[in-house]
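Inside the fold
The primary structure of each chain is shown beneath.
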Amino acid sequence: MIQEFMTRDHRECDALYAPLEEAISKGEWDRALELFVPFKRGMLRHFAMEEEVLFPAMEEFVGGGEGPIYVMKMEHNQIRSIINSLGEAIEAKDQQKALGYGETFMIMTQQHNMKEEQILYPMAEQLPLDQNGIVEKMEGVEP
Ligand SMILES: [Fe+2]
Ligand SMILES: [Fe+2]
């Protein structure tokens, strides 16, 4: 349930990024600026669902500390910072920088999502959590 819901949201975030990258490649800056808004909102919302709902629920059982959840939060911070740099590069119409940040974003996010889909979400499904309740709470998270 959690695995399926969150994996689907990863794909939805990917789908928000793809047209943005295309607009940057074509130098369509007005379109890129427009597409950047829902892309950033989708990413920040996904991170908030994890940081405000899923991770705290898991931490009740696996503890905080420097385990895999800590690593995921650090990676969120890195990815958020790259998203901001990408936004600045788009505003500056700097294609080289925007493509570079875009590629870094893509690589980091794919690796991050893979770790969640292969380790974190399966772990969440094995814990005695209220899966339905957690998904419902995550659906209510605002970006
Ligand atoms: Fe994450
Ligand atoms: Fe995620």
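Residues numbered from 1 in each chain as written. Chains lettered and ligands numbered in written order. Predicted model: local features only at pLDDT ≥ 70, side-chain atom pairs only at ≥ 80, totals over all residues. Heavy atoms only, no water.

All right, on to the side chain of Thr109 then. By the secondary structure assignment, Thr109 is in helix α4 (residues 95-126). Thr109 has contacts with Met43 and Ile79, leaving out every residue within four places of it along the chain. (Helix = DSSP H or I, 4+ residues; strand = E, 2+ residues; numbered from the N terminus. Contact = heavy atoms within 4.5 Å.)

Okay, the nonpolar core next. Side chains of a nonpolar character, in soluble globular proteins, are inclined to be buried together. Grouped together as the largest cluster of nonpolar side chains are 21 residues, with contacts concentrated most on Ile2, Leu54, Met58, Leu129, Ile134 and Met138. Contributing elements (two or more residues each) for this core: α1 (2-25), α2 (29-62), α3 (68-91), α4 and α5 (131-139). Here this core takes 7 residues from α2, the largest share from any one element. (Core = buried A, V, L, I, M, F, W, Y, C linked by side-chain atoms within 4.5 Å. Buried < 20%, exposed > 50% of the residue type's maximum accessible area, 1.4 Å probe, protein only.)

Each pair of packed helices gets described by two things: the angle between the helix axes and the distance between those axes. The contact between α1 and α4 brings their axes to 11 Å, and the two run at 175 degrees. The angle between the axes of α1 and α4 places the two elements in the roughly antiparallel class. (Axes fitted to C-alpha atoms, helices over the stretch in contact; angles between N-to-C directions. Parallel < 35°, antiparallel > 145°, perpendicular 65-115°, else oblique.)

Attention now moves to the pattern of salt bridges. With the rule as written, the count across this model stands at 8 salt bridges. Of the charged contacts in the structure, one is a salt bridge between Glu117 and Arg11, with a shortest N-O distance of 2.9 Å. Of this pair, Glu117 sits in helix α4 while Arg11 sits in helix α1; the two residues are 106 residues apart in sequence, bridging distant segments of the chain. Connected through shared salt-bridge partners, Arg11, Asp14 and Glu117 make up one network. (Salt bridge = Lys/Arg side-chain N within 4 Å of Asp/Glu carboxyl O.)

All right, on to the coordination of the iron ion (ligand 2) then. Looking at the iron ion (ligand 2), the protein donor atoms are His10 (NE2), His46 (NE2), Glu50 (OE), Glu116 (OE) and Tyr121 (OH), and they sit 2.0 to 2.3 Å from it. In primary-sequence terms, the residues that donate to the iron ion (ligand 2) follow H-x35-H-x3-E-x65-E-x4-Y. The iron ion (ligand 1) is placed at 3.3 Å from the iron ion (ligand 2), the two being bridged by Glu50. On the criterion of sequence distance, the pair formed by Glu50 in helix α2 and Tyr121 in helix α4 is long-range, its members being 71 residues apart. Here Glu50 falls in the buried class, since its relative accessible area comes to 0%. Accessibility expressed as a relative area gives 0% for Tyr121, which makes it buried. (Donors = N, O, S within 2.8 Å, 3.2 Å for Na, K, Ca; no water.)

What follows deals with the coordination of the iron ion (ligand 1). Those donors, Glu50 (OE), His76 (NE2), His112 (NE2) and Glu116 (OE), are the protein atoms that reach the iron ion (ligand 1), and they lie 1.9 to 2.2 Å from it. Around the iron ion (ligand 1) sit 4 donor atoms; with metal-centred angles ranging over 85 to 176 degrees, the donor geometry is irregular. Mapped onto the polypeptide sequence, the residues donating to the iron ion (ligand 1) form the spacing pattern E-x25-H-x35-H-x3-E. (Tetrahedral: all angles 85-135°; square planar, octahedral: opposite > 155°, others 65-115°.)

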